[in-house]
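# Observations on the model geometry
Listed below are the residues making up each chain.
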Amino acid sequence: MILSASIISSDFTNFGDQIIETEKAGVDWLHIDVMDGKFVPNITIGPFMLDHCRKVSNLPLDVHLMIVEPEKHIHAFAEHGANRIGIHTENNPNALRTIQQIRELGVKPTIVLNPGTNLTAIEYFLPFVDMILVMTVNPGYSGQLFMPEMLPKISILKKMIKERNLNTLIQVDGGINHTNINLVKKAGADVIVAATAIYKHSDGIMAGVNALRSNAS
Ligand code: ZN
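The structure contained in this document is the topic of the report that follows. This structure is a prediction, so every number in the text was calculated from the model and none was measured. (Residues numbered from 1 in each chain as written. Predicted model: local features only at pLDDT ≥ 70, side-chain atom pairs only at ≥ 80, totals over all residues. Heavy atoms only, no water.)

### Observations regarding the pattern of salt bridges
Applying the stated criterion to the full structure yields six salt bridges. Note that R164 and E123 form a salt bridge whose closest N and O atoms lie 2.8 Å from each other. Here E123 lies in the loop between β5 (108-113) and β6 (131-135) and R164 lies in the loop between α5 (151-163) and β7 (169-173), a separation of 41 residues in the sequence. A salt bridge links E163 to K159; its shortest N-O distance comes to 3.9 Å. Taken as a pair, E163 and K159 lie in helix α5 at a separation of four residues, close to a single helical turn. Like K159, E163 is exposed. (Salt bridge = Lys/Arg side-chain N within 4 Å of Asp/Glu carboxyl O. Helix = DSSP H or I, 4+ residues; strand = E, 2+ residues; numbered from the N terminus. Buried < 20%, exposed > 50% of the residue type's maximum accessible area, 1.4 Å probe, protein only.)

In structure tokens form, the structure reads like this:
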């Protein structure tokens, strides 16, 4: 199971050390949640943050854009070293074109679904993307409660991918912690995004990652 640490929950006063510790703890990817105050209520960080990650870590940079008109910003994130860029299918009639543009930039594309969005919205994206991100909270803030109602959605998506003989990854993002990680894994998730469970663990980052790993097996 691939573990992607959402850096917006890290301690920004001590960012470099936090990322070094994250890599040492055995996390596979760094997840960058980009919010614009329009697509979602909250505002977070921009492409410059990828440079700060890269200064201290060689982990793949997994960018999740929760922004309007993502096509205007994919170039900047690619230039700043994104390895994967995810865009939402909602409110975006040209999402497939943007997915193809992400691929042309040499970056692996991900399509993202909000909890209320049906899988039919991404059925025809399957041959074009490397990963599908199933949101298990409404996007906008970290620290929200996991929605168990999304477990069947993950299972059905897994079936859709198998039926098409694809090896598209399923990523799950939102409220994942040591008590529910086994449920999403069993449902078919390949990549887990964790924020609070890693960065707000009372015994530190390493303990947070260990708790996730040991409960996922
Ligand atoms: Zn995310």
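Resuming the write-up.
### Brief notes about the nonpolar core
By size, the foremost hydrophobic cluster in this structure holds 65 residues, and its most contacted members are I7 and I85. No other element matches the five residues that α5 contributes to this core. Here I7 is in contact with F12, F15, I19, L30, H31, I32, I45, M49, C53 and Y199, once residues within four sequence places are set aside. (Core = buried A, V, L, I, M, F, W, Y, C linked by side-chain atoms within 4.5 Å. Contact = heavy atoms within 4.5 Å.)

### What to know about empty space enclosed by the protein
Taken as a whole and assessed by the stated rule, the structure comprises one cavity of 30 Å³ or more. Empty space within the largest cavity amounts to approximately 30 Å³. The element contributing the most residues to the lining of the largest cavity is helix α8 (residues 205-216), with three residues. The residue makeup of the lining of the largest cavity, split by class, is five nonpolar, no polar and one charged. (1 Å grid on protein atoms, 1.4 Å probe; cavity = no way out; pocket = protein on both sides within 12 Å on 5 of 7 lines; lining within 4 Å. Points joined across faces, edges and corners; volume = space filled by probe spheres on them. Nonpolar A, V, L, I, M, F, W, Y, C, P; charged D, E, K, R; others polar.)

### Describing the packing of aromatic side chains
In total, this model carries one aromatic pair according to the counting rule given. Ring geometry for F12 versus F15: centroids 5.4 Å apart, planes at 70°, classification edge-to-face. Taking the relative accessible area as the measure of exposure, F12 reaches 41% and is therefore partly exposed. (Phe/Tyr/Trp six-rings, centres within 6.5 Å; stacked < 30°, edge-to-face > 60°.)

### Description of the layout of surface pockets
Of the pockets and cavities examined, the largest pocket occupies roughly 320 Å³. S142, G143, G174, G175 and A195 are, among the 26 residues lining the largest pocket, the residues nearest its centre. By residue class, the composition of the lining of the largest pocket is 14 nonpolar, ten polar and two charged.

### Describing the coordination of the zinc ion
Ligation of the zinc ion by protein atoms is provided by H31 (NE2), D33 (OD), H64 (ND1) and D173 (OD), these donors lying 2.0 to 2.2 Å from the ion. Taken together, the four donor atoms coordinating the zinc ion and their angles of 92 to 153° define a geometry best described as irregular. For the zinc ion, the single-chain donor residues occur in sequence as H-x1-D-x30-H-x108-D. In this pair, H31 is assigned in strand β2 (residues 29-35) and D173 in strand β7, connecting sequence segments 142 residues apart. Among the residues examined, H31 registers a relative accessible area of 0% and is labelled buried. Given the relative accessible area of 8%, D173 is considered buried. (Donors = N, O, S within 2.8 Å, 3.2 Å for Na, K, Ca; no water. Tetrahedral: all angles 85-135°; square planar, octahedral: opposite > 155°, others 65-115°.)

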